[in-house]
Amino acid sequence: MAKPFQRVAVVGTGTLGAQIALLAANAGYSVNVFDQQPKAFDQMIQKLQSDLKAKQVAPFIAFDQWDACKRQIQQFEKIDAAVKGVDLVIEAVPENLELKQEVFRQLGEIAPPEAVLATNSSSIPVSRLEKSSGRPERCLNLHFYMALQGMNIADVMGGTRTLPEVMEKGINWVRSLGCIPLTVKKELLGFCFNRVWRAVKREVLYMWANDFVDFRDVDRAWMKFTGREDRPGPFGLMDNVGLDVIYDIEMVYYRNSKDPKDHPPEALKQKIESGELGVKTGRGFYSYPDPEYLQDDFLKAGN
Ligand SMILES: NC(=O)c1ccc[n+]([C@@H]2O[C@H](COP(=O)([O-])OP(=O)(O)OC[C@H]3O[C@@H](n4cnc5c(N)ncnc54)[C@H](O)[C@@H]3O)[C@@H](O)[C@H]2O)c1
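Calculation criteria
Residues numbered from 1 in each chain as written. Predicted model: local features only at pLDDT ≥ 70, side-chain atom pairs only at ≥ 80, totals over all residues. Heavy atoms only, no water. Domains from an automatic or database assignment. Contact = heavy atoms within 4.5 Å. Buried area = accessible area lost by both parts, 1.4 Å probe. Salt bridge = Lys/Arg side-chain N within 4 Å of Asp/Glu carboxyl O. Polar contact = N/O pair within 3.5 Å; in protein donor to acceptor, adjacent residues only side chain to side chain. Nonpolar A, V, L, I, M, F, W, Y, C, P; charged D, E, K, R; others polar. Near = heavy atom within 4 Å. Areas by Shrake-Rupley, 256 points an atom, 1.4 Å probe, with all protein chains shown as cover. Helix = DSSP H or I, 4+ residues; strand = E, 2+ residues; numbered from the N terminus. Buried < 20%, exposed > 50% of the residue type's maximum accessible area, 1.4 Å probe, protein only. Pairing = 2+ DSSP bridges. Right-handed = clockwise from strand over helix to strand, strands pointing away. Core = buried A, V, L, I, M, F, W, Y, C linked by side-chain atoms within 4.5 Å.

Let's talk about the domain arrangement of the protein chain
One frequently used descriptor of interface size is the decrease in accessible area upon assembly of the parts. Here the protein chain is described as being made up of domain 1 (7-183) and domain 2 (194-294). Here domain 1 and domain 2 have C-alpha centroids that lie 25 Å from each other. Taken residue by residue, the interface counts 15 residues in domain 1 and twelve residues in domain 2. Of the roughly 1,200 Å² buried where domain 1 meets domain 2, counting both sides, 55% is carbon and sulfur surface. Put simply, domain 1 and domain 2 have zero salt bridges between them. Counting across the interface, domain 1 meets domain 2 through four residue pairs in polar contact (both at pLDDT 80 or more). Within the side of domain 1 that touches domain 2, the residues separate by chemical class into four nonpolar, five polar and six charged.

Quick look at the structure:
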């Protein structure tokens, strides 16, 4: 397949941005990265590697390929230099509308005029960012998941004026990385699979916060139901994403609907305030690095 882009830039190399950069390098793209924290990329790559090893997950890109991928990735201290000469920029900065609008405004000014601008946002339709960029016809949502853990899927959605050829390039780029594009035909909050996942999160958080069930039973049932006893259920998954990230995403849905049922529960906020953010702080719903759901007897009995 012909490459839809030659050189790509990733802005924000935390949990997702670092994975996207690695995927792109693995597929043979020249990759530039920029993060406002200069050590973010290296630290995240190290963290992803040790997390995957601790969880004994076979990574989507074999560990012995990571160094070669990293050599394809150039790190920059200034965003202007990072986006110079690229034909795709994907941002993966934190889930905050004002921040992303500001990044799109900046990219609109400094990226080459023909470059496509994509957001990895989990919940913000690109229609809310496109205007800031000054090039709405070249903007789209490309929402990746934890590809290195085997979730090699990505939602693809256009904004109000995205050109068909830009959608096609986005879809082909996702495919060229070895991911399955999930194309959204008209704007939908939550995109394709993320909307399904979101419905699950809202329900299980409600059940936990109101003390209807023990969260472990939800995870046990999920693991049995999906036939994936080696993968966590919704609560373990939320720990992996980061409970602060989950909270911010839920707030985007709430602000959109203003429906109190969409507001993330207070109990989740309390966990975040007490530093229980999930895997990254060693404690969320479960404790890490040896979460209960990976222990042999987890599926033997309910609570
Ligand atoms: N964590 C997940 O599982 C997940 C899954 C899919 C999509 N996403 C989405 O991806 C995006 C990033 O999430 P994440 O979990 O990787 O966040 P993260 O906090 O791990 O990483 C964000 C990175 O952006 C950097 N940053 C902040 N402001 C910046 C700026 N102005 N310019 C450059 N870099 C900046 C930070 O230093 C950090 O390294 C969010 O929109 C999130 O909704 C996250």
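Here the narrative resumes.
Overview of the site of the ligand
The local shell around the ligand holds 23 residues, among which L16, D35, E95, K100 and S122 are the closest. A distance of 2.7 Å is found between an oxygen atom of the ligand and a side-chain nitrogen or oxygen belonging to S122. Starting from 830 Å² of accessible surface for the ligand in isolation, the protein chains cover 87%. Those elements giving two or more residues to the shell around the ligand turn out to be α1 (15-26), α5 (97-110) and β6 (139-144). Split into classes, the residues belonging to the shell around the ligand amount to eleven nonpolar, nine polar and three charged.

Regarding the pairing of strand β7 (residues 153-158)
In summary, the side chains of a regular strand alternate between the two faces of the sheet. A large share of β7 lies buried, amounting to five of its six residues. Direction of pairing for β7 relative to strand β8 (residues 180-183): parallel, over a ladder of four bridges. Residue pairing for β8: D155 is matched across the bridge by L182. Viewed along the sheet, the connection from β7 through helix α7 (residues 164-176) into β8 turns out right-handed.

Considering the nonpolar core
Core analysis: the largest hydrophobic core is formed by 43 residues, its most contacted members being V31, L142, F144 and W173. Tallying contributions element by element places α1 first for this core, with eight residues. The residues contacting V31, other than those within four sequence positions of it, are V8, V10, A21, A24, A25, Q72, I73 and Q74. The next biggest cluster of nonpolar side chains, apart from the first, holds 24 residues, and it includes F235, L237, Y247 and Y286.

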